[in-house]
Each structure stands twice: as structure tokens, then as C-alpha cells.
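Topology and contacts: notes
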Amino acid sequence: MNQINTVTFKNFDEAADSILQMMAGLLDINTLFIAKNDQQVNEIVKVVNKDEELLQTGEQLPFKDTYCKVSVDHGNQLLWIPDITQHETTKELTVTQNLGSGSFVGIPIYFADGKNYGTICGLDTKPFDLNEEQMELLETMSSLLSYVLELDGAQKQIDNLSVPIVPITEGVAILPVIGSINEIRVGRIIELTLGRSQELELEHLIIDLSGIIEVDDLVIGSLLKIVNLLNLLGVHAILTGIRPETALQANQSQIDFTKFDVETNLERALTKLGFHLEKE
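Every value quoted in this text rests on a predicted model; they were computed, and no experiment measured them.

Definitions and limits used
Residues numbered from 1 in each chain as written. Predicted model: local features only at pLDDT ≥ 70, side-chain atom pairs only at ≥ 80, totals over all residues. Heavy atoms only, no water. Helix = DSSP H or I, 4+ residues; strand = E, 2+ residues; numbered from the N terminus. Buried < 20%, exposed > 50% of the residue type's maximum accessible area, 1.4 Å probe, protein only. Contact = heavy atoms within 4.5 Å. Areas by Shrake-Rupley, 256 points an atom, 1.4 Å probe, with all protein chains shown as cover. Expected span 1.5 Å × (residues − 1). Pairing = 2+ DSSP bridges. Axes fitted to C-alpha atoms, helices over the stretch in contact; angles between N-to-C directions. Patch = residues over 30% accessible without salt bridge, like charges linked within 9 Å, V, L, I, M, F, W, Y side chains within 5 Å. Salt bridge = Lys/Arg side-chain N within 4 Å of Asp/Glu carboxyl O. Lys, Arg positive; Asp, Glu negative; His and termini not counted. Charge placed at Lys NZ, Arg CZ, Asp CG, Glu CD. Parallel < 35°, antiparallel > 145°, perpendicular 65-115°, else oblique. Left-handed = near helix turned anticlockwise from the far one by under 90°. Nonpolar A, V, L, I, M, F, W, Y, C, P; charged D, E, K, R; others polar. Disulfide = S-S within 2.5 Å. Polar contact = N/O pair within 3.5 Å; in protein donor to acceptor, adjacent residues only side chain to side chain.

1. Examining the overall build of the protein chain
Within the protein chain, the regular secondary structure consists of 8 helices and 11 strands. Split into buried and exposed, the 280 residues of the protein chain put 42% on the buried side. Of the contacts made within the protein chain by residues no fewer than 6 positions apart, 61% connect residues no fewer than 24 positions apart. Counting only carbon and sulfur atoms, one obtains 49% of the accessible surface of the protein chain, whose full area is about 16,300 Å².

Shown next as C-alpha cells:
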């Protein structure tokens, strides 16, 4: 029985890489690329060059001076220009003068709300032909990338809900860690915690662990990593809500919690930071 290999993507970046590599093997076009724009600047975010390096990742140009704008202005349909030196929309562009000759094909990529993200394109200094199947392939890849962008956006919303850093006052916030922890979620917690800590310019972050469902070496190890990384950023971390099973697991893992700032509960942690809580 033949084994079917499935490919999974963590995000838009990985999907874009895979799609360009696949298309490079199917299309006789020197350069395939994905660009994004903010209507002002066009940036090459992914590129595959074959024989001649026409573009580089990270390269930027004013959006108005690019083939990508021509593609976006054409609407949500594929635009194929067999001769860039003769087409009315490209013959006067500086990029055409630099290339000297060739063909271009492009189709926009959109966010779920209809806003343009950028384009997926092909470019060559030699003329190339496209048959109906190849055009359909480009259209399908544009739709797929638009769908991945939508999933990416949804995932970011889920991540923000699952890593809810709550600002208390200037420089102080709380991170309640809730539910089960796996390797993928650990990575997202670390990434979002560090990012949000810098955005909020935190000095103190209270990490409440009372909502963790299950504790194992992965959880303990990830907590240590988060605390150490926050320390490198100059953020003082306080752990609260450590349940007996967490303490036992830490002991079995030979983790010395005395090296960390630990308080019994959130109230004690806030008091330690100078907050005075009163019941009305």
C-alpha cells in the first residue's frame, strides 16, 4: 500500500515557500515571486530565481512603479503580458527599461475583507507562453494564498485569546495561562509574551498558573524558558497560582523554584508590586 505524504503549513510564510517551489517546477518562467504592498511600497517577500537573479527577497520599490500595481489595477483576474516593452501599462516603467525585454504574469492576493495583500507573479527577460491549465494554476494558487491569509488572521485572533496579557497599569500586566499546554502552544505563548511585553514596555509580568489543566516536564521547562527570556528583556516575572501537582512535578524535574519570584496568589503578587486592594 502506497503511503501518502501530507504537507502541513504553520502559517502564510511556509505556504508561500511551498507554493513557489511547486510552481517553479511546473512553469517555464525564470522568476516567480510573491510581493506585498501598502499602496505606497511594494516589497518582495518570497522569490524563486532559476537561471538569472532578477529579484531578491526584501527588495522594495515604490508601488506605483511596479508590475504588481499593474496587476492589482487589472482587478482580481490574471494578467499576462507577453511583451512588457510593448504593453501600454508597462512599456514606460523604469523596471522595463532595466530588463530590456520579457514577459510578466500576475494576479492579486486578497485578505478576507477584500483588501489587497499583494500579488503572486512570474517574470522573465525572455518571452514565455501560458496555456489554459497554467493560467488556472496561477489563479488557484492566488485563491489558496488568500485563504491561508484568512486562516492566519483567525489563528492570530485565537492566539491572542489563548495568551491574554492583561495590562493592569503602566509597566505591569497579568498573563493567566489557562488550559492544556503542548509544544506548539508553548512556542506561541513564548513568542506572543515576549512581543507583547516589549509593545507594552512592561517592567513586571505576573504569570498566573492556576488555570493549567495538566502539568508535565514540558510545562515546567516552558515556564523556566519564559521567565529567563523575560529577564533578558528586563521584565521581572512573578509566578502565582502554583498548585500542589505543579510543585511536585517541578520537584521531580529537579527544578528549584526558589530561583524564581513566586507568590501564592494574584493578590499577594499585586501587593508585592505596591498595589493596595480594598473591598468597597
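2. Describing helix H5 (residues 183-199)
Taking 1.5 Å per residue, 17 residues should reach 24 Å; H5 reaches 24 Å between its end C-alpha atoms and fits that length. Considered for burial, the residues of H5 that qualify are Arg185, Val186, Ile189, Ile190, Leu192, Thr193, Leu194 and Ser197. One or two positions beyond H5, positive phi appears at Glu201, with a value near 55°.

3. Things to note about the sheet that holds strand E5 (residues 103-110)
What holds strands together in a sheet is hydrogen bonding between their backbones, with the strands either parallel or antiparallel. Pairing is antiparallel in the open sheet, where 6 strands are placed in the order E3-E2-E1-E6-E5-E4. With partners counted over all chains shown, the strands left at the sheet margins are strand E3 (60-62) and strand E4 (79-81), one partner each. The sheet shows a mean angle of 25° between the axes of neighbouring strands, direction not considered. Here E5 pairs with strand E6 (residues 116-124) via 8 bridges, running antiparallel.

4. Remarks on unusual backbone geometry
Of note, the phi angle at Gln39 is positive, near 75°, even though the residue is not glycine. Along the chain, the position of Gln39 falls in the loop between strand E1 (31-37) and strand E2 (41-49).

5. Section: a negative patch on the surface
On the surface, a cluster of negative charge is contributed by Glu132, Glu133, Glu136 and Glu139. By secondary structure assignment, the location of Glu133 is in helix H4 (residues 132-162). Take Glu133: its relative accessible area is 63%, and that puts it in the exposed class.

6. A look at helix H6 (residues 217-232)
Helix length check: H6, at 16 residues, gives a terminal C-alpha distance of 23 Å against a target of 22 Å (1.5 Å per residue), a fit within 8%. All of the buried residues along H6 are Val219, Ile220, Ser222, Leu223, Leu224, Ile226, Val227 and Leu230. Of the residues flanking the end of H6, it is Gly234, one or two places downstream, whose phi is positive at about 85°.

7. Focus on the packing of H5 against H6
Between H5 and H6, the shortest axis-to-axis distance is 11 Å and the interhelical angle comes to 20°. Accordingly, the angle class assigned to the pair H5 and H6 is roughly parallel. Crossing angle aside, the handedness with which H5 passes H6 is right-handed. Contacts from Glu183, Val186, Ile189, Ile190, Thr193, Leu194 and Ser197 in H5 reach Leu218, Ser222, Lys225, Ile226, Leu229 and Leu230 in H6. Its residues assigned to classes, the contact of H5 with H6 shows 8 nonpolar, 3 polar and 2 charged.

8. Considerations on the state of the cysteines
Evaluated as defined, the whole model comprises 0 disulfides. In this structure Cys68 is not part of a disulfide, and its nearest cysteine sulfur, from Cys121, lies 4.1 Å away. According to the relative accessible area criterion, Cys68 is buried, its value standing at 3%.

9. A closer look at the pattern of salt bridges
Evaluation of the coordinates by the stated rule reveals 8 salt bridges. Close ionic contact of Asp65 with Lys64 constitutes a salt bridge, the shortest N to O distance being 3.2 Å. Overall, the relative accessible area of 27% leaves Asp65 in the partly exposed class. Judged by its relative accessible area of 58%, Lys64 is exposed. A salt bridge links Asp73 to Lys69, with the nearest nitrogen and oxygen atoms 2.6 Å apart.

10. A word on the side chain of Glu263
With respect to the helices and strands, the residue Glu263 is situated in the loop between strand E11 (261-262) and helix H8 (266-272). Polar side-chain contacts of Glu263 include one of 3.2 Å to the side chain of Lys272.

11. Let's talk about the side chain of Lys46
Relative to the assigned elements, Lys46 resides in strand E2. Within polar-contact distance, the side chain of Lys46 engages the side chain of Asp13 at 2.7 Å. When neighbours within four sequence positions are excluded, Lys46 is seen to be in contact with Asp13, Ala16, Asp17, Leu20, Leu32, Phe33, Ile34 and Thr57.

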